[in-house]
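The lines below spell out each chain.
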Amino acid sequence: MPARILIVTDLHQRGVLYAALVKLANEIKPDAIILGGDFLHGTGMLPYGQTQQLTPTLCAVELHTIARPMLLVRGNHEDENWFEFRDAWKSLHGSDPIRLNGGFALIGDVGVVGFPCAMGQEEAFSEGEPLGGEHYTYWFRHLLADHGDDARKLWIMHEPPTGTQISKAGSLVEGHAWWRDAIEEHHPELVVCGHDHTTSIRRDVWQDQIGATKVVNVGQNMDGPLHATLVEISASGRLQCEKLVMD
Ligand SMILES: [Zn+2]
């Protein structure tokens with residue numbers, strides 16, 4: 001079954017980015033939407049950007065207007081703010097939000113793995129599961145054993161793998177060396193990440209390769225427009241992605 005998956009990262013509770021996501025999602029009606037971390041903004045941290053910052057409750061209210069399945073991957077900014085967001089989501093939907101935290105989902109024919117994020121306070125989002133600070137070999141081998149090649153299709157990780165054009169070398173947002181090791185070991189078809197908001201925008205370079213794996217950054221300008229990527233299966237059966245921008 002063909003699938004169209006819309007992926008965004010780094011919304012950081014910015015009203016303008018949430019509004020653009022609602023508009024884009026309701027326009028293109030994807031089969032699923034994945035938020036690749038930092039959809040909230042770290043508790044007690046000064047807001048990024050100049051435009052309105054939503055509360056975690058208002059973020060859940062905005063997302064509730066999108067009538068599409070949604071999967072959440074953690075970034076370094078999801079900390080105890082998760083509890084307010086989760087409770088608001090639960091009261092709106094009558095069910096828990098779906099997290100991919102070192103987990104697997106099948107969307108149409110596309111196997112999706114959501115990586116954990118070892119940065120920041122991961123205890124709240126992890127909801128009692130093993131934490132992302134563990135080396136990937138501890139959790140990924142279970143996904144591979146259960147799902148085989150489907151676990152090597154689409155990977156979503158907040159932090160990029162190190163050593164590509166889409167994050168700044170030697171900086172806090174360069175990414176995770178283990179994630180690069182995981183890509184070099186398992187050769188997923190497509191990796192989507194965020195975390196470094198500025199390098200892709202500054203260089204106007206949105207993708208790179210690690211071996212046969214394409215790595216895409218969808219990092220945001222905090223005051224818009226929204227950057228997103230739409231992943232689909234091509235006629236040849238390979239994953240392809242299209243960069244989308246929405247005001
Ligand atoms: Zn971010």
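Look above for the structure.
Below is a summary of the structure that appears in this document. (Residues numbered from 1 in each chain as written. Predicted model: local features only at pLDDT ≥ 70, side-chain atom pairs only at ≥ 80, totals over all residues.)

**Topic: the overall build of the protein chain**
Now for step 1: Within the protein chain, the regular secondary structure consists of seven helices and 12 strands.
Now for step 2: A compact globule built from 247 residues should have a C-alpha radius of gyration of about 18 Å, and the protein chain, at 16 Å, falls within 12% of that.
Now for step 3: Here the C-alpha coordinates of the protein chain stretch approximately 40 × 40 × 35 Å along the principal axes.
Now for step 4: Classification of the 247 residues of the protein chain by burial places 44% in the buried group. (Helix = DSSP H or I, 4+ residues; strand = E, 2+ residues; numbered from the N terminus. Rg over C-alpha atoms; globule rule 2.2 N^0.38 Å. Buried ≥ 20, exposed ≤ 12 C-beta atoms within 10 Å, placed from the backbone.)

**Observations regarding the sheet that holds strand β3 (residues 70-73)**
Two strands in a sheet stick together by hydrogen bonds in their backbones, pointing the same way (parallel) or opposite ways (antiparallel).
Now for step 1: Spatial ordering of the open sheet is given by β4-β3-β2-β1-β11-β12, a layout of six strands whose pairing is mixed. Single-partner strands in this sheet number two, and they are β4 (98-99) and β12 (239-246).
Now for step 2: As judged from the eight bridges shared by strand β11 (residues 226-233) and β12, these two strands associate in the antiparallel manner. In the strand pairing of β12, Glu 232 is matched with Gln 240. (Pairing = 2+ DSSP bridges.)

**Some thoughts on helix α1 (residues 15-28)**
Now for step 1: With 14 residues, α1 ought to run about 20 Å at 1.5 Å a step, and its terminal C-alpha atoms sit 20 Å apart, in line with that.
Now for step 2: Considered for burial, the residues of α1 that qualify are Val 16, Leu 17, Tyr 18, Ala 20, Leu 21, Leu 24 and Ala 25.
Now for step 3: Buried residues in α1 make contact with β1 (4-8), β2 (32-36), α2 (56-64), β11 and β12. (Expected span 1.5 Å × (residues − 1). Contact = placed C-beta atoms within 7 Å.)

**Side note on the sheet that holds strand β5 (residues 103-107)**
Now for step 1: If you walk across this open sheet you meet the six strands as β5-β6-β7-β8-β10-β9, and the pairing is mixed. Each edge of the open sheet carries a strand with a single partner, namely β5 and β9 (207-210). Pairwise comparison of adjacent strand axes, ignoring direction, gives a mean angle of 25° for this sheet.
Now for step 2: Here β5 pairs with strand β6 (residues 110-114) via five bridges, running antiparallel. If you follow Ile 107 over to β6, its bridge partner there is Val 110. (Axes fitted to C-alpha atoms, helices over the stretch in contact; angles between N-to-C directions.)

**Re α2**
Now for step 1: Of all the positions in α2, only Pro 56, Cys 59, Ala 60 and Leu 63 are classed as buried. Buried residues along α2 cover an arc of 100° about the axis, so they all sit on one side. (Arc of directions from axis to C-beta.)

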